[in-house]
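Chain and residue survey
Each chain is listed here by its residues.
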Amino acid sequence: MTDSFEPVLIGFTCNWCSYRAADLAGTARVKYPPNIRLLRLMCSGRLDPTFVLKALASGADGVLITGCHPGECHYLEQNYKALRRYLLLRRMLAQMGIEPERVKLVWASAAEGVKLAEEITRMVEDVRALGPLNWPQRHNGAAPHADATAIKEGTA
Amino acid sequence: MSANGKPKFAMYWAAGCGGCEIAVLNIHEKILDVDANFEVVFWPVAMDAKYQDVEAMPDGSITLTLFDGGIRNSENEMLARLLRRKSQILVAFGSCACQGGIPGLANLSATESLFAAVYDGISTDSQGVRPQAVWQVPEGELHIPEFYPVLKTLAQVVPVDYFMPGCPPEPHQIAAVVDLVIQALHGQAELPPPGSIIGASCSTVCDECPRARNVKHIRAFERIQNLAHIDPTLCLLEQGLPCNGPATRSGCGALCPQAGALCIGCYGPAEGVLDYGARLLSAFASVVDGSTPEEIERCLDGIPDPAGQMYRFGLANSLLRGGRAACEEEAEQELSYEAAHHD
């Protein structure tokens, strides 16, 4: 079963470093597995922890957060904020039964295409070894804030 | 309309502490307006009533139902569905109905570990006993409500017209909502659109808090009892106390921080916040003063239970809804239920 399991990772990249590192990996023909879906943010400091939770709750098997090396943030120190949020988020996710390997933070400068490709490859294999997260979706019942008028017509 | 021409009112207490029921009486003389304008047809905490009586009512015949507490077991769910069918306006009343509340924290654990804590712990003599939904006795078969692996909010079970947060909702907010509904019944006011959050404001508790706020650099999170001195005029978070104000909806008047207690987040997420815990986590982590993982981790040690801190009231309503064990147990139960009812 796990032989055919292809993990789905969501990767958040910073416009100024890791996104360009991924770009560099592409132009340099450095290979990394297609299991990761990269999303570009302007900065790792833009990463609201909600994004991570939403990705995991919606079917992602892991989330990779990437940003500029400490001291190299385009916006001075937002990558430190990303680090602090990541460290607190990791503690909370552990309480919810999510393995630490599923959410990772990696620094990658615009020149580190090879490093980013290696990190992605390693994380895909780590998550593949863990198996699917497959976070249970909510089944029965209505969506929150559902339109009540429609229901009243239905039950009247 | 009832025989005396008054619109009908109901209130039900599901999985919660019952403080919301007391809060309705805490509106003082306004309760007379409720009595003058409504006929109370179902309110188990205040009057004798049978579920069959509610079932016998025509659908949509109750004008206003306040539902407090979350959906912890099959009885809560049955009543939620029944009252939804019978009510024109169904209000999720209080933190538990809106977001799961304190009972929702049990979503961090699967059923067996909850039962082990309750039935095998030092608080009981009946070691090893587990509740049985069905039990045979000489007189016949006894049934008690079935315990659910994951506590749900009211809106996760039935559509809800209005959400009124608070643990419990503040009396002046309840009184304002009662006034509004009465005016609307007389055609003197319009009710807000369905799905609205009522009896609360749109900003954060910090906005209502009179404490002074400066730049925050927190070297260590502290427990309030460990601080020798607390500045009565300065932001509590700035003093290293994990105050939930930055993510919490306003409307309470920032009562707790004004009294020197931490905001615990009972009014739920502020406007536009999808996941309360993520927003609060972001606010706390951002003000940590430290740039190496070691410094940051040392500071974070001051929050020994991050999930409990971030989701004290909102775990059931969060994106993940609880711990993995509980959520998977629920999914398995639903699968086996579907399989059993498919042939």
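No experiment lies behind these values; they were computed from the predicted model shown. (Residues numbered from 1 in each chain as written. Chains lettered and ligands numbered in written order. Predicted model: local features only at pLDDT ≥ 70, side-chain atom pairs only at ≥ 80, totals over all residues.)

1. Points about the domain arrangement of chain B
Residues and elements named next belong to chain B. The assigned domain composition of chain B is domain 1 (8–103 + 151–197), domain 2 (111–148) and domain 3 (205–310). Summarising the inter-unit geometry, the C-alpha centres of domain 1 and domain 3 are found 31 Å apart. Contact residues are listed per partner, giving 8 residues for domain 1 and 7 residues for domain 3. Counting residues per element, the side of domain 1 that touches domain 3 draws most heavily on helix H5 (residues 95–99), at 3 residues. (Domains from an automatic or database assignment. Contact = placed C-beta atoms within 7 Å. Helix = DSSP H or I, 4+ residues; strand = E, 2+ residues; numbered from the N terminus.)

2. A word on the confidence of the model for chain A
Residue and element names in this part refer to chain A. On average, chain A scores 88 in pLDDT, and the residues at 70 or more come to 87%. Confidence, read as mean pLDDT per element, is least for helix H5 (residues 148–155) in chain A (35) and greatest for strand E1 (residues 9–14) (98). Of the regions scoring below 50 in pLDDT, residues 141–156 engages in 28 contacts with residues more than four places distant in sequence or in other chains. (pLDDT = per-residue confidence, 0-100.)

3. What to know about the sheet that holds strand E4 (residues 103–107) of chain A
All names here are of chain A. Taken in spatial order, the 4 strands of this open sheet run E2-E1-E3-E4, and their pairing is parallel. Each edge of the sheet is formed by a strand with only one pairing partner; in this case those strands are strand E2 (36–41) and E4. This sheet shows a mean twist of 20 degrees between the axes of neighbouring strands, independent of strand direction. Sheet analysis places strand E3 (residues 62–67) next to E4, joined by 5 bridges and oriented parallel. (Pairing = 2+ DSSP bridges. Axes fitted to C-alpha atoms, helices over the stretch in contact; angles between N-to-C directions.)

4. Here's the deal with the pairing of strand E6 (residues 134–137) of chain B
Residue and element names in this part refer to chain B. Two strands pair when backbone bridges link them, and E6 and strand E7 (residues 140–143) are joined in this way by 4 bridges, in the antiparallel orientation. Counted as the bridge partner of Gln136 is Glu141 from E7. What sits between the antiparallel neighbours E6 and E7 is a turn of 2 residues.

5. Comments concerning the sheet that holds strand E10 (residues 196–197) of chain B
Adjacent strands of a sheet form backbone hydrogen bonds with each other and so pair up, either parallel or antiparallel. Residue and element names in this part refer to chain B. Taken together, the 6 strands give an open sheet; going across it, the order is E2-E1-E3-E5-E9-E10, and neighbouring strands pair in parallel fashion. Taken across any chain shown, the strands that pair with only one partner, and hence form the sheet edges, are strand E2 (39–42) and E10. Here 2 bridges tie strand E9 (residues 162–164) to E10, and the two strands are oriented parallel to one another. Residue pairing across strands places Phe163 opposite Ile197, the latter belonging to E10.

6. Concerning the pairing of E1 of chain A
Residue and element names in this part refer to chain A. For E1, a buried count of 6 out of 6 residues is recorded, marking the element as mostly surrounded by other parts of the structure. Because side chains alternate across E1, one face comprises the buried residues Leu9, Gly11 and Thr13, and the other comprises Ile10, Phe12 and Cys14, equally buried. In this sheet, E3 lies alongside E1 in parallel orientation, the contact comprising 4 bridges. From the neighbouring strand, Leu9 faces E3, where its bridge partner is Gly62. Where E1 lies against E2, 6 bridges are found, and the strand directions are parallel. The partner of Leu9 across the bridge, within E2, is Ile36. Read from E1 through helix H1 (residues 18–27) to E2, the crossover connection turns out right-handed. (Buried ≥ 20, exposed ≤ 12 C-beta atoms within 10 Å, placed from the backbone. Right-handed = clockwise from strand over helix to strand, strands pointing away.)

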